[in-house]
Amino acid sequence: MAGHLLAGGHGLTVYSRTKAKADELLRQGAKWADTPADAAAVADVVFICVPDTPDVENVLFAEEGVAHAARRGLIVVDHSTISPSATRGMARRLAENGAALLDAPVSGGDMGAKNASLSIMVGGDPTAFSSVLPLFRLMGKTITHCGPSGTGQLTKLVNQILVTINNMAACEALAFAQVNGLDLSKTLDALGGGAAASWQWNHLGPKMVAGDFSPGFMVDLQLKDLNLVIQAMRETNLDLPAARLVYALFVKAQQQGYGRDGTQRLFTVVRD
């Protein structure tokens with residue numbers, strides 16, 4: 001994602017907790033910052049993409065975090081998938097310094113990031129969104145302003161409910177086909193163009209059949225997102241039975257040592 005911004009002709013200053021991960025960008029002309037605050041001090045727009053809510057809070061508000069360089073007109077874009085309620089709190093804190101926070105989680109996985117075809121769902125100030133929209137278009141194809149602060153994160157949780165339950169459906173369907181002696185590859189082909197098709201069926205189904213559990217998106221991260229769904233369900237007194245079930249299955253996958261495998265590893269848990 002950062003590479004697309006650089007290739008689009010924009011000056012890029014980068015910070016990563018593991019500096020080696022920035023080597024390719026540095027070779028391409030990006031500049032290195034020793035801290036998030038140093039990066040923010042020379043930027044008009046700051047993009048963050050880290051695993052979880054505490055990581056975002058650390059990047060923003062730790063001793064050398066972005067907030068120490070926050071000023072009127074600075075726009076901070078958080079591409080992480082984190083707590084909607086925590087996002088709203090962080091937006092209020094940044095606003096005290098005149099900076100705007102856009103929550104802008106993404107969907108499309110590693111290939112979407114590489115191919116600049118991500119779906120980007122954005123919450124926050126509409127004027128800030130309009131300012132950053134040309135940069136979003138360098139990274140994604142479906143870009144939606146969902147509403148005020150936190151709505152990007154809530155929309156991403158809707159996405160994760162759909163993704164994980166479709167994944168579970170694909171796993172159960174293939175387990176049923178296998179037990180009944182069907183050729184799994186032919187079953188994938190037969191159903192991949194009809195009403196039963198889904199992204200999970202067409203992209204992860206072949207990996208399940210081949211026993212390829214390499215990660216495009218890891219079980220650990222999927223479970224982190226489902227924890228956010230469960231948290232949001234509690235906050236709104238909402239009961240979603242299928243979401244609870246797929247959460248329990250991903251917990252089991254993690255307990256069985258599959259945390260760093262791809263989310264298609266759910267097939268092993270369902271089949272067994």
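Before reading further, recall that the structure is shown in the block above.
Residues numbered from 1 in each chain as written. Predicted model: local features only at pLDDT ≥ 70, side-chain atom pairs only at ≥ 80, totals over all residues. Heavy atoms only, no water.

Asks: What am I meant to see in the pattern of salt bridges here?
Replies: Any two side chains of opposite charge can pair, on the condition that their charged atoms come close. Evaluated as defined, the whole model comprises six salt bridges. Arg265 is the partner of Asp261 in a salt bridge, and the nearest nitrogen-oxygen pair spans 2.9 Å. Note on accessibility: Asp261 and Arg265 belong to one class, buried. Residue Asp272 pairs with Arg271 through a salt bridge whose shortest N-O separation is 3.5 Å. The exposed category is assigned to Asp272, whose relative accessible area is 69%. (Salt bridge = Lys/Arg side-chain N within 4 Å of Asp/Glu carboxyl O. Buried < 20%, exposed > 50% of the residue type's maximum accessible area, 1.4 Å probe, protein only.)

Asks: Sorry, what's going on with a negative patch on the surface here?
Replies: A cluster of acidic side chains, namely Asp34, Asp38, Glu63 and Glu64, defines a negative patch on the protein surface. Tracing the backbone through its elements, the reader meets Glu63 in the loop between α4 (53–61) and β4 (75–78). (Patch = residues over 30% accessible without salt bridge, like charges linked within 9 Å, V, L, I, M, F, W, Y side chains within 5 Å. Areas by Shrake-Rupley, 256 points an atom, 1.4 Å probe, with all protein chains shown as cover. Lys, Arg positive; Asp, Glu negative; His and termini not counted. Charge placed at Lys NZ, Arg CZ, Asp CG, Glu CD. Helix = DSSP H or I, 4+ residues; strand = E, 2+ residues; numbered from the N terminus.)

Asks: Just to check I follow, could you spell out helix α11 (residues 219–235) for this structure?
Replies: Along an α-helix, residues three or four positions apart point the same way, because every turn accommodates 3.6 residues. Taking 1.5 Å of rise per residue, the 17 residues of α11 would be expected to cover 24 Å, and the 24 Å separating its terminal C-alpha atoms lies within 8% of that figure. Every buried residue belonging to α11 is among Val219, Gln222, Leu223, Lys224, Asp225, Leu226, Leu228, Val229, Ile230, Ala232 and Met233, and all of these are buried. Where α11 is buried, its residues touch α4, α8 (151–179) and α12 (241–255). Note on α11: the residue one or two positions beyond its end, Asn237, has a positive phi of about 55°. (Expected span 1.5 Å × (residues − 1). Contact = heavy atoms within 4.5 Å.)

Asks: Would you take a moment to explain the packing of aromatic side chains for this structure?
Replies: Two aromatic rings, taken as a pair, are described by how far apart their centres are and by the angle between their planes. Overall, the coordinates contain two aromatic pairs when judged by the stated rule. Between Tyr15 and Trp32, the ring centres sit 5.9 Å apart and the planes meet at 35°, which makes this aromatic pair tilted. Here Tyr15 is found in the loop between β1 (13–14) and α2 (23–27), whereas its partner Trp32 is found in strand β2 (residues 31–32), with 17 residues between them in sequence. Ring geometry for Phe129 versus Phe136: centroids 6.1 Å apart, planes at 35°, classification tilted. Pair check on accessibility: Phe129 and Phe136 agree, each one buried. Here Arg265 stacks its cationic end above the ring of Phe213, 3.9 Å away from the centre of that ring. (Phe/Tyr/Trp six-rings, centres within 6.5 Å; stacked < 30°, edge-to-face > 60°. Lys NZ or Arg CZ within 6 Å of the ring centre and 35° of its normal.)

Asks: I tried to follow the pairing of strand β3 (residues 45–48) on my own but got confused; where do I start?
Replies: The side chains of a regular strand alternate, residue by residue, between the two faces of the sheet. Burial of β3 is one-sided: the residues Val46 and Ile48 facing one way are buried, the residues Val45 and Phe47 facing the other way are not. Sheet topology places β3 next to β4; four bridges connect them, and they run parallel. Note that in β4 the partner of Val45 across the bridge is Ile75. Where the polypeptide runs from β3 across α4 and back to β4, its parallel neighbour, the crossover connection is right-handed. (Pairing = 2+ DSSP bridges. Right-handed = clockwise from strand over helix to strand, strands pointing away.)

Asks: Quick question: what am I supposed to make of the packing of α8 against helix α10 (residues 199–210) here?
Replies: Between two packed helices, both the angle of their axes relative to each other and the distance between the axes serve to describe the pair. Orientation of α8 relative to α10, taken along the N-to-C sense of each, is 45°, at an axis distance of 10 Å. Taken together, α8 and α10 sit at an angle that is classed as oblique. In this structure, α8 meets α10 at a crossing whose hand is right-handed. Residues Val163, Asn166, Asn167, Ala170, Cys171, Ala173 and Leu174 of α8 pack against Gln200, Trp201, Leu204, Gly205, Met208 and Val209 of α10. (Axes fitted to C-alpha atoms, helices over the stretch in contact; angles between N-to-C directions. Parallel < 35°, antiparallel > 145°, perpendicular 65-115°, else oblique. Left-handed = near helix turned anticlockwise from the far one by under 90°.)

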